[in-house]
Amino acid sequence: MLSFGVLGAGVMANTHIDGVLGNGADNVKYIGVYDEDLKKSGTLAEKFGMKTYCSFEEMLADDEIDGIDICLPSFLHEEFAIRAAQAKKHILVEKPIAFTPEAAERIFGVAHENGVRIMVAQVLRFWPEYATIKDYIDRGELGDIVTIYAARLGQMPSWGGWYKDPDKAGGALENLILHDIDFLHYLLGKPKSVYSVGAKDEYDIYNDVLSVFKFENGANVYVDGSLRMTVGYTFTMHMRVLGTKGTMEFLYKGGENVDTKNSLSELKIYHDGDGGKDVQYTSYDAYGKEVSYFAACIESGKETETVTEESVLTVLNSIVKANESLITGQVYAL
Ligand SMILES: NC(=O)c1ccc[n+]([C@@H]2O[C@H](COP(=O)([O-])OP(=O)(O)OC[C@H]3O[C@@H](n4cnc5c(N)ncnc54)[C@H](O)[C@@H]3O)[C@@H](O)[C@H]2O)c1
């Protein structure tokens, strides 16, 4: 059993701990929290029966803590991950680990030097419906992949004012469809090129973006992301995979963000003429699963094969180039 401390007491800190408890994971427990807003950390500590710290240094000095789960605003990940590694704590860090591959490499470098494990919380790789799509593709059920359309559509988060600052959160590419772009790399391997178009929002951020990737295996991929949907448009996740033998489609709509209690969620597979069938899969909390997977890899000494450091760097390179394409209108080789 590993003991984690959570850094940040906001939305994702709650989500990770809820997920671990919801899945009944028995290899990891959250024992402490630090947030610069001591009121927020107090509330989280009370909710989950954890201790609070008055500073990050105090949290790092706690010998009972094996790992730090970094759920801070994105621009703070590099500084705090490096400090956690130097204090010999394992690190789970929310996405994006950083905005550039160079920054991510710096973090990985310090983790390696200090002999600690690090994993980026790329949650779609653990998401039951997305993982089921990967399983069907890997088993050849869809044949060769021709085209994938992926979408993630919602509004600017109503919490955390930092999301409105592109230096702190990035735009739709880094902040939102990084999820889909990461998962598409997981499905298809290395991309060959990217082209993006987009529009800026009232905060001067490219928060409405369509990127087109061509992959080395010949597949075309369209990734559609928006944080400026009309208020009232329900949060949407969508993936449609067209293969030479069939089509698979996942559609989720619910709430302002992921609202699992009040949502529409369907996963279907179509073969010629059958009208489509519901796909059966086991449901669980993806956030809880990623945390317990990381803990299991630490305990067993196994690599985090589901989210490798190499994949994180490749995806960040694709995001940087997709962003350049937004500005220049050029197609970029990857
Ligand atoms: N995987 C997902 O589905 C998903 C969804 C949303 C957000 N995220 C990512 O999770 C991370 C956190 O996002 P969030 O929505 O939980 O943010 P949030 O604003 O809800 O929480 C961040 C917390 O960090 C605290 N904080 C800020 N600066 C601090 C500092 N210097 N020291 C200590 N505490 C500090 C704030 O007080 C706040 O409570 C971001 O990187 C975001 O991109 C991931």
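Residues numbered from 1 in each chain as written. Predicted model: local features only at pLDDT ≥ 70, side-chain atom pairs only at ≥ 80, totals over all residues. Heavy atoms only, no water.

**Overview of the domain arrangement of the protein chain**
A common way to state how big an interface is: give the accessible area lost once the parts meet. Cut-off, in case you're wondering: What fixes the domain bounds is an automatic or database domain assignment. In short, buried area is how much 1.4 Å probe accessible area vanishes from two parts on joining, totalled over both. Any Lys or Arg side-chain nitrogen found within 4 Å of a carboxyl oxygen on Asp or Glu counts as a salt bridge. Residues adjacent in sequence count toward polar contacts only when both atoms are side-chain atoms; beyond that, a polar contact is any pair of N or O atoms within 3.5 Å, and within protein one must be able to donate a hydrogen and the other to accept it. Polarity classes work like this: nonpolar for Ala, Val, Leu, Ile, Met, Phe, Trp, Tyr, Cys and Pro, charged for Asp, Glu, Lys and Arg, and polar for all others, with Gly in that last group.
In terms of domains, the protein chain is made up of domain 1 (2-121) and domain 2 (125-283 + 317-333). Taking only C-alpha atoms, the centre of domain 1 and the centre of domain 2 are 26 Å apart. Carbon and sulfur atoms supply 74% of the area that domain 1 and domain 2 bury against each other, a total of about 980 Å² over both sides. The interface formed by domain 1 and domain 2 contains zero salt bridges. Here domain 1 and domain 2 share two residue pairs in polar contact (both at pLDDT 80 or more) between them. Partitioning the side of domain 1 that touches domain 2 into residue classes produces seven nonpolar, two polar and one charged.

**Comments concerning the nonpolar core**
Note the cut-off: Here the nonpolar core consists of buried residues drawn from Ala, Val, Leu, Ile, Met, Phe, Trp, Tyr and Cys, with membership extended through side-chain atoms lying within 4.5 Å. Between buried and exposed lies partly exposed: a residue is buried under 20% and exposed over 50% of the maximum accessible area for its type, with that area taken using a 1.4 Å probe on protein chains only. Working rule for contacts: check all heavy atoms of both residues, and any pair within 4.5 Å makes them a contact.
Ranked by size, the top nonpolar core spans 99 residues in total, and within it Ile-97 and Met-239 carry the most contacts. Dropping the residues within four chain positions of it, Met-239 is found in contact with Tyr-130, Ile-133, Ile-148, Tyr-149, Ala-150, Phe-183, Leu-184, Leu-187, Met-248, Glu-249 and Phe-250.

**Some words on helix H11 (residues 309-328)**
Counted only if it meets this: Every helix listed is a DSSP run of H or I at least four residues long, and every strand listed is a run of E at least two residues long, numbered separately from the N terminus. The span expected for a helix works out to 1.5 Å for each residue beyond the first.
Taking 1.5 Å per residue, 20 residues should reach 28 Å; H11 reaches 29 Å between its end C-alpha atoms and fits that length. Looking at H11, one finds that the buried residues are Ser-311, Val-312, Val-315, Leu-316, Ser-318, Ile-319, Ala-322, Asn-323, Ser-325 and Leu-326. One or two positions beyond H11, positive phi appears at Gly-329, with a value near 75 degrees.

**Looking at the sheet that holds strand S4 (residues 67-70)**
This is how the line gets drawn: Only when DSSP finds a minimum of two bridges between them are two strands counted as paired.
With parallel pairing, the six strands of this open sheet are ordered in space as S3-S2-S1-S4-S5-S6. Edge positions in the open sheet fall to strand S3 (51-52) and strand S6 (118-121), since each of these has one partner strand only. Bridge count between strand S5 (residues 90-94) and S6: four bridges; the pairing is parallel. Following the sheet pairing, Val-93 is matched in S6 by Val-120.

**Considering the packing of aromatic side chains**
Rules: Between 30 and 60 degrees the pair is tilted, below 30 it is stacked and above 60 it is edge-to-face, where a pair is any two Phe, Tyr or Trp rings, Trp via its six-membered ring, whose centres lie within 6.5 Å. Note on criteria: charge over ring means Lys NZ or Arg CZ within 6 Å of the ring centre, with the direction from the centre no more than 35 degrees off the ring normal.
Evaluation of the coordinates by the stated rule reveals 11 aromatic pairs. Seen from their ring centres, Phe-4 and Phe-294 are 6.3 Å apart, and the 55 degrees between their planes marks the pair as tilted. With a gap of 290 residues between them, Phe-4 in strand S1 (residues 2-7) and Phe-294 in helix H10 (residues 286-300) connect regions that are remote in the sequence. According to the relative accessible area criterion, Phe-4 is buried, its value standing at 1%. Ring geometry for Phe-183 against Tyr-186: centres 5.9 Å apart, planes inclined by 65 degrees, an arrangement best described as edge-to-face. With Phe-183 and Tyr-186 both in helix H9 (residues 178-188) and three residues apart, this pair spans about one turn of that helix. Here the aromatic cluster, defined as three or more aromatic residues joined through ring pairs, consists of Tyr-130, Phe-183, Tyr-186 and Phe-250. Here the basic side chain of Arg-139 rests over the ring of Tyr-136, its NZ or CZ set 4.7 Å away from the ring centre. Here Lys-289 stacks its cationic end above the ring of Tyr-284, 4.5 Å away from the centre of that ring.

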